[in-house]
Amino acid sequence: MSIDSPPVPAVAGRAVTRLAIRQIRRSGLIVTGLITGMTALVATTYAQVMADPAAAGSLAALAGNPAIRTLFGEPAGLDTAGGFTVWRVGTVTAVLLGAWAILATTRSTRGEEDSGRWDILLAGRVRLREAVLRHLAAVMVVPAVTGCLLAGVLIASGTPGSGAVIHGAGTGLLGVVFVAVAALAAQIFPGRPAATGTAVAVLGVTLLLRMMGDGVTALGWIRWLSPFGLLALSGPYVHNRVLPLVLLLAGAAACTVGVLAAADRREIRGGLVAAATSRRPRLGLLGGTQAFAVRRVLRPLTGWAIGIGAYYLLIGLTAVSVTGFLTDNPAMADQAAAAGLDALGDIAGFAAVLFALLAMPVGGFTAVRMGAFVAAENDRRLTLLAAQPISRIRLIGAELTATVGAAMVLVTLAGLATWCGVTLIGGDFGVVAALRGVWNILPVVWLSVGAAVFAIGWAPRWVGVVGGVPATGGFLLLVVAESVAAPGWVRNLSPFAHLAPVPLATVDWTASAVMTGLAVLLTVVGFAGYRRRDLRS
Amino acid sequence: MNRWSFVVVREVIAGIGGVPLAAVVAAALCPAGRPSGRVSGGAPGSLVGKWS
């Protein structure tokens, strides 16, 4: 015999819906704005990009390259503004929407449940099933609205309505699918990290399936198993297929049914699978100031290492294909030479160009780590350490040493990942050349470290911004200066202007010594400031 | 034209970097370890109070 629950008053249900909307409205608006803005930008500048017949031909040839096709998807309808826009930004916007959908869903459902807020919420008239459903619906509104706006933006840009609607509907449905997948994971696993991790793994694997399907013709069928593949198979502006969209809708509906069934069968704060309630104590690296600094850097270092390593592994895997493409296309090689990239057709030249970019994430990492040191001070977690008979220099020195060591690890890993990628694909690129190339950018990273330490001493609130100036600010300055043909002295303000293209050329030791000297000077001045100032908390 | 706007460099950087950048932006919009709102005052009689 079952006992029928009394109906939930409409006012209580509406209050929960309002709560759900409040939790995601800000980030939802930003995501929608970014996706529609990027799409509108590409669609409206299509005519300018294609105005030069050589550029149009180059782009078409490049799009046919297997490595580029794997990354961007199968090129279709590149001779139209709509087809070009879908090819150029379709994957990035789909990943942005899918990742946001997952994170927003697990955050507003399982995250709120983990924090104990739903204990109070569910002590009222609203049952778990209804609370989950209302949060699910609130998050799903964002991809649905994004899809509609996307179609509207594409139509307003002058592209055919049928293709715009197919692309908008496909992107929106992909977001809805990942909301449902994340909600299902949030019902199965009793913990936000496990739920988010599982849903993100689904996103990663299905994106990989799409890439495999696009890169290997014999595996084209595999795209029917992936939301990203179904989005590609809908073929906006070329095929305008509806069946893949129906399958996306069916997938979202099936997952939603699973969410409701799972919500009926579990306890609050519980899941369909049991969670470990304890873990063994982790006592490693707790024996001193330096050891503790190393312990704190290990976890973020792992995350950054995975991201940077994967990026440069892909660079290595595509290097042979892209350089071979340039060698086979003399017209494009001439354009590369005109842009100051004479040796782009050589793997060493290609790697030298892309190694320069490495200074930005690694410089950013050092700024974030030194920012974490200030955050510990602000949160009073550093007070106990600072009260010990430990000098200020030793305290910040331990953090600096751990950060510098971690930066060395990241840079070296990027070099090894590139070498692995090129070697796996059968290219000729030595490990020594790869390491010379990545270590060449270290002076720019040291400038970031020095700037961050300087800020810790004299402007601790601004450590993140000041630490990011040499690497990210310097790169932007170089790009803008080269684009507007600024005077040489403006360009030379950027550290990147002084990096030699290693491993193609030898290291510019003078420039490296000057940058390292400046970094040491900034560090010493920062130390002096840190010794003299009070703790912020 | 600068080096970074050359079509091959630009497309390789964007092709490989676009997807992780999109994931980073999404993660920044929904940071882990933080509640999804903060209480800014409760409304008498309201079930959930005000959230921002």
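Cut-offs and rules
Residues numbered from 1 in each chain as written. Chains lettered and ligands numbered in written order. Predicted model: local features only at pLDDT ≥ 70, side-chain atom pairs only at ≥ 80, totals over all residues. Helix = DSSP H or I, 4+ residues; strand = E, 2+ residues; numbered from the N terminus. Buried ≥ 20, exposed ≤ 12 C-beta atoms within 10 Å, placed from the backbone. Contact = placed C-beta atoms within 7 Å. Expected span 1.5 Å × (residues − 1). Bend = angle between axes of the 7 residues up to and from the residue. Core = buried A, V, L, I, M, F, W, Y, C linked by C-beta atoms within 7 Å. Axes fitted to C-alpha atoms, helices over the stretch in contact; angles between N-to-C directions. Parallel < 35°, antiparallel > 145°, perpendicular 65-115°, else oblique. Left-handed = near helix turned anticlockwise from the far one by under 90°. Nonpolar A, V, L, I, M, F, W, Y, C, P; charged D, E, K, R; others polar. pLDDT = per-residue confidence, 0-100.

1. What about the overall build of chain A?
Tallying secondary structure elements over chain A gives 22 helices and 0 strands in all. C-alpha atoms of chain A, sized along the principal axes, occupy 85 × 70 × 40 Å. A buried classification covers 49% of the 537 residues belonging to chain A. Summarising the internal contacts of chain A: among those between residues at least 6 apart in sequence, 74% fall at separations of at least 24.

2. Things to note about the overall build of chain B
If you tally the helices and strands in chain B, you get 1 helix and 0 strands. Taking all 52 residues of chain B together, 33% fall into the buried category.

3. A look at the environment of Thr39 of chain A
Residues and elements named next belong to chain A. Mapped onto the fold, Thr39 is located in helix α1 (residues 10–44). By the C-beta count within 10 Å, which is 27 here, Thr39 ends up buried. Put simply, Thr39 and Phe189 are 150 residues apart on the chain and 36 Å apart in space, counted from C-alpha to C-alpha.

4. Describing helix α5 (residues 81–114) of chain A
All names here are of chain A. Taking 1.5 Å as the rise per residue, α5 with 34 residues should run 50 Å; its terminal C-alpha atoms sit 46 Å apart, in good agreement. At Val89, α5 shows its strongest bend, of approximately 50°. With 33 of its 34 residues buried, α5 lies for the most part within the structure. The positive-phi residue at the C-terminal boundary of α5 is Gly116, with phi of around 95°.

5. Things to note about the nonpolar core
Burial of nonpolar side chains together is a common tendency in soluble globular proteins. Grouped together as the largest cluster of nonpolar side chains are 176 residues, with contacts concentrated most on Leu96, Trp100, Ala182, Ile441 and Val445 of chain A. Element by element, the count of residues in this core is highest for helix α8 (residues 161–188) of chain A, at 17 residues. In this structure Trp100 of chain A touches Ser27 and Val31 of chain A together with Ala26, Leu29 and Cys30 of chain B, once residues within four positions along its chain are discounted.

6. Thoughts on the packing of helix α15 (residues 359–378) of chain A against helix α17 (residues 392–424) of chain A
Residues and elements named next belong to chain A. At a minimum axis separation of 10 Å, α15 and α17 run at an interaxial angle of 155°. It follows that α15 is roughly antiparallel to α17 by the angle criterion. The crossing of α15 and α17 is right-handed. Contacts between α15 and α17 involve Val362, Phe365, Thr366, Arg369, Met370 and Phe373 from the former and Glu399, Thr403, Ala406, Ala407, Leu410 and Val411 from the latter.

7. Remarks on unusual backbone geometry
Residues and elements named next belong to chain A. The residue after Val502, namely Pro503, is reached through a cis peptide bond having omega 15°. Residue placement: Pro503 occurs in the loop between α21 (488–491) and α22 (509–532). Positive phi values are uncommon outside glycine, yet Asn240 reaches one of about 50°. Its place among the elements puts Asn240 in the loop between α10 (227–233) and α11 (243–264). A residue is classified by how many C-beta atoms lie within 10 Å of it, and Asn240, with 14 of them, is partly exposed. Despite not being glycine, Ala485 shows a phi value in the positive range, around 55°.

8. Some points on the packing of α1 of chain A against helix α7 (residues 128–156) of chain A
Residues and elements named next belong to chain A. Look at α1 against α7: their axes get within 8 Å of each other, and the N-to-C directions meet at 25°. The angle between α1 and α7 places the two elements in the roughly parallel class. For the pair α1 and α7, the sense of crossing is right-handed. Residues belonging to the contact of α1 with α7 are distributed by class as follows: 17 nonpolar, 8 polar and 2 charged.

9. Digging into the confidence of the model for chain B
Low pLDDT means the predicted coordinates in that region are not meant to be read closely. Residues and elements named next belong to chain B. Summing up the model confidence of chain B, the mean pLDDT is 64 and the portion of residues at 70 or higher is 46%. Of the regions scoring below 50 in pLDDT, residues 37–52 engages in 25 contacts with residues more than four places distant in sequence or in other chains. This complex was scored by the predictor with a pTM of 0.78 and an ipTM of 0.73.

10. Section: the environment of Ala186 of chain A
All names here are of chain A. Inspection of the secondary structure puts Ala186 in helix α8. Separated by 103 residues in sequence, Ala186 and Thr289 place their C-alpha atoms 39 Å apart. Contacts of Ala186, omitting those with residues within four sequence positions, involve Thr105, Thr106, Thr109, Arg110 and Ala195.

11. Re the environment of Arg461 of chain A
As for its position among the elements, Arg461 of chain A is in the loop between α19 (442–458) and α20 (463–483). Exposure remark for Arg461 of chain A: the 11 C-beta atoms within 10 Å place this residue in the exposed category.

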